[in-house]
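Observations on the model geometry
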Amino acid sequence: MGTITHSFVLRLAGPIIIGHMSVPLLGMVDTAVVGQIKGAAPLAALAVGNLVFSYLYWAFGFLRMSTTGLTAQALGGSDLVELSANALRALAIGAGIGFLILLLHRPVFSLALFIIDASAKVEALSHTYFVHRIWGAPAVLCNFAILGWLLGVQNTRAVLWLQLLMNGLNIVLDLYFVLYLHWGVGGAGLATAISEWTACGLGLWMVRTILTQYNVPVFGSAHMWSRKQFTRLVAINRDLFLRTLFLISAFALMTVKGAQLGTTMLAANAVLLNFQLFTSFGLDGFAHAVEALVGKAVGVGDKSLYWDSVRISTMWAVGVALCFSVVYALTGHILIRMLSAEPEVQRTAGRYLPWLIILPLVSVWSYQFDGIFSGSTRSREMRNSMFAAFFMYTALLYLLVPILGNHGIWCAFVVFMCMRALTLGMNGWRYPDRRVTPASL
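None of the values given here were measured: they were computed from a predicted structure.

Points about the overall build of the chain
Secondary structure summary: the chain contains 15 helices and 0 strands in total. Considering the chain as a whole, with its 441 residues, one finds that 62% of them fall into the buried category. Here the analysis covers contacts within the chain between residues at least 6 apart in sequence; of these, 86% occur between residues at least 24 apart. Accessible surface computed for the chain: about 17,200 Å², of which carbon and sulfur atoms make up 69%.

What to know about helix H8 (residues 184-213)
Given 3.6 residues to a turn, an α-helix orients residues that are three or four positions apart in the same direction. Across its 30 residues, H8 extends 45 Å between first and last C-alpha, which sits within 8% of the 44 Å expected from 1.5 Å per residue. With its phi angle positive at about 60°, Asn215 sits one or two positions after the end of H8.

Notes on unusual backbone geometry
Non-glycine residue Gln154 carries a positive phi angle of around 60°. Relative to the elements of secondary structure, Gln154 occurs in the loop between helix H6 (137-152) and helix H7 (156-180). For His182, which is not glycine, the phi torsion reads 60° and is therefore positive. Looking at the secondary structure, you find His182 in the loop between H7 and H8.

Focus: the packing of aromatic side chains
Considering all chains together, one arrives at 18 aromatic pairs under this definition. Here Phe177 and Trp183 contribute two aromatic rings whose centre-to-centre distance is 4.9 Å and whose plane-to-plane angle is 25°, an arrangement assigned as stacked. Residue classification places Phe177 among the buried residues on the basis of a relative accessible area of 8%. By relative accessible area, which is 45% here, Trp183 ends up partly exposed. The interplanar angle of 65° and the centroid separation of 5.9 Å between the aromatic rings of Phe246 and Phe391 together place this pair among those described as edge-to-face. Pair noted here: Phe246 is in helix H9 (residues 227-260) and Phe391 is in helix H14 (residues 379-404), with a separation of 145 residues, a long-range link. One aromatic cluster is present, formed by Phe246, Phe251, Phe387, Phe390, Phe391, Tyr393, Trp410, Phe413 and Phe416 through successive ring pairs. Above the ring of Phe373, the side-chain terminus of Arg378 is found at 4.2 Å from the ring centroid.

Focus on the pattern of salt bridges
Considering all chains together, one arrives at 10 salt bridges under this definition. In this structure, the salt-bridge partner of Glu291 is Arg64, at a minimum N-O distance of 2.9 Å. Of this pair, Glu291 sits in helix H10 (residues 263-300) while Arg64 sits in helix H3 (residues 62-76), placing them 227 residues apart in sequence. Assigned by exposure class, Glu291 and Arg64 land together as buried. The closest approach of N and O atoms between Arg311 and Asp308, which form a salt bridge, is 3.2 Å. Placement of both Arg311 and Asp308 in helix H11 (residues 303-339) is noted, with a separation of 3 residues, approximately one turn of the helix.

Let's talk about a nonpolar patch on the surface
Together, Leu100, Leu103, Leu104 and Val108 make up a nonpolar patch on the protein surface, roughly 380 Å² of accessible area in all. Within the element layout of this structure, Val108 appears in helix H4 (residues 80-116).

A look at the nonpolar core
Tyr57, Ile101, Leu141, Phe275, Tyr393, Trp410 and Phe416 are the most contacted members of the largest nonpolar core, which has 112 residues in total. Among the elements that line this core, the one with the most residues is H10, at 18 residues. Beyond its immediate stretch of four places on either side in the chain, Tyr393 contacts Ala250, Leu253, Met254, Ala412, Phe413 and Phe416. Counting 27 residues, the second largest nonpolar core, distinct from the first, contains Leu75, Cys142, Leu147 and Leu211.

Considerations on the side chain of Asn86
Along the chain, Asn86 falls in helix H4. Classification of Asn86 as buried rests on a relative accessible area of 6%. Polar contacts involving the side chain of Asn86 include one to the main-chain carbonyl oxygen of Leu70, which spans 3.4 Å. A polar atom in the side chain of Asn86 sits 3.3 Å from the side chain of Arg89. If we skip the residues at most four places from it in the chain, Asn86 touches Thr67, Leu70, Thr71, Ala74 and Trp149.

Things to note about the packing of H6 against H8
For the pair H6 and H8, interaxial distance at closest approach is 9 Å and the crossing angle is 35°. For the crossing formed where H6 meets H8, the hand is left-handed. Judged by residue contacts, Pro138, Ala139, Val140, Cys142, Asn143, Ile146, Trp149 and Leu150 of H6 engage Glu196, Trp197, Ala199, Cys200, Gly203, Leu204, Met206, Val207, Ile210 and Leu211 from H8. Its residues assigned to classes, the contact of H6 with H8 shows 15 nonpolar, 2 polar and 1 charged.

Cut-offs used in this document
- Residues numbered from 1 in each chain as written.
- Predicted model: local features only at pLDDT ≥ 70, side-chain atom pairs only at ≥ 80, totals over all residues.
- Heavy atoms only, no water.
- Helix = DSSP H or I, 4+ residues; strand = E, 2+ residues; numbered from the N terminus.
- Buried < 20%, exposed > 50% of the residue type's maximum accessible area, 1.4 Å probe, protein only.
- Contact = heavy atoms within 4.5 Å.
- Areas by Shrake-Rupley, 256 points an atom, 1.4 Å probe, with all protein chains shown as cover.
- Expected span 1.5 Å × (residues − 1).
- Phe/Tyr/Trp six-rings, centres within 6.5 Å; stacked < 30°, edge-to-face > 60°.
- Lys NZ or Arg CZ within 6 Å of the ring centre and 35° of its normal.
- Salt bridge = Lys/Arg side-chain N within 4 Å of Asp/Glu carboxyl O.
- Patch = residues over 30% accessible without salt bridge, like charges linked within 9 Å, V, L, I, M, F, W, Y side chains within 5 Å.
- Core = buried A, V, L, I, M, F, W, Y, C linked by side-chain atoms within 4.5 Å.
- Polar contact = N/O pair within 3.5 Å; in protein donor to acceptor, adjacent residues only side chain to side chain.
- Axes fitted to C-alpha atoms, helices over the stretch in contact; angles between N-to-C directions.
- Left-handed = near helix turned anticlockwise from the far one by under 90°.
- Nonpolar A, V, L, I, M, F, W, Y, C, P; charged D, E, K, R; others polar.

Okay, here's the thing in structure tokens:
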């Protein structure tokens, strides 16, 4: 595998960071474009719509995480048949879940609106956004599997081009549909769906090309349907699903609580969440890098490579987190004005900017631990950590919001990120003695 150096980690993480940064950039463009429509309701509707899709899609983010860890371990162990089978299993599961979402999308959205309880105007606009974007569901879930597999084989340049294509096309279509054709929030949703299917097609071609280069059957073998391997996959995905569900619920509670404080507060928090998304996708570059490196080190069984991967990637992640905090402190108010044309939304968001300035230095630790644990497929610990952090977060929300208002929401969120890091960190600084097996889960 070779020695892990600073330059190697940067070459691996760099394309991931650049590609991932296009995701929150897309979110900012979405917010900025819809924010040009008069009134706070369209922006609030976009926040509600994105929340619903976060639940629908990121609850199945385990497809990305488990595929990366298992693929990296197969690569480290030179198991090329399993390398191919991991891609096909994940794609089959992703496509199945995606089409199931399409079938059930109407009752799911109705339930979401009942829980969020936004104004009638916001609900109507968010429904328009939803019915246009939902057609990309199968492509989104397949893209999770594709990205996870590409990260597992450490082909981060392919990840970069896939992300840039999807989000770049989305931005172009966003501007065309919303500002030129004046299709409103529905145009934003349609732009996203089209870009998701385009990226899925390119991603499938990439996977096929790489498997051909490894000289393994593109469609795998009977090993793909191995009961033992599916049992292992289901056990890992079960814990990651629960972990991700609670993570998304934390963001959902923030939106629900913001909606209860009024449409302007909901819109202001939607603007500020773009800062956190930008931070998370940037820092996730190092988390995904350590995930792939740790997975391969575990597959090989090399402790020194494991520790070098953890140490070097974490050093760079903390440095980049500090840069995010400095940038937000210096340019935060300018960015807020770029994201919303409503003066009241701008003033409201500005009052809570200090929370976003300190969040990168708090968040970085939980992101790094997520990468370490995911790469070594220690999903049970990830699940338990998220449970503890979420229940602390929920208690603080109901305790602090009546007293501090929106400051209470952001304070609880900062504590939530701290708890994620602390609970993982209690047993995170150790080398996993062996690969996780179904029996151990």
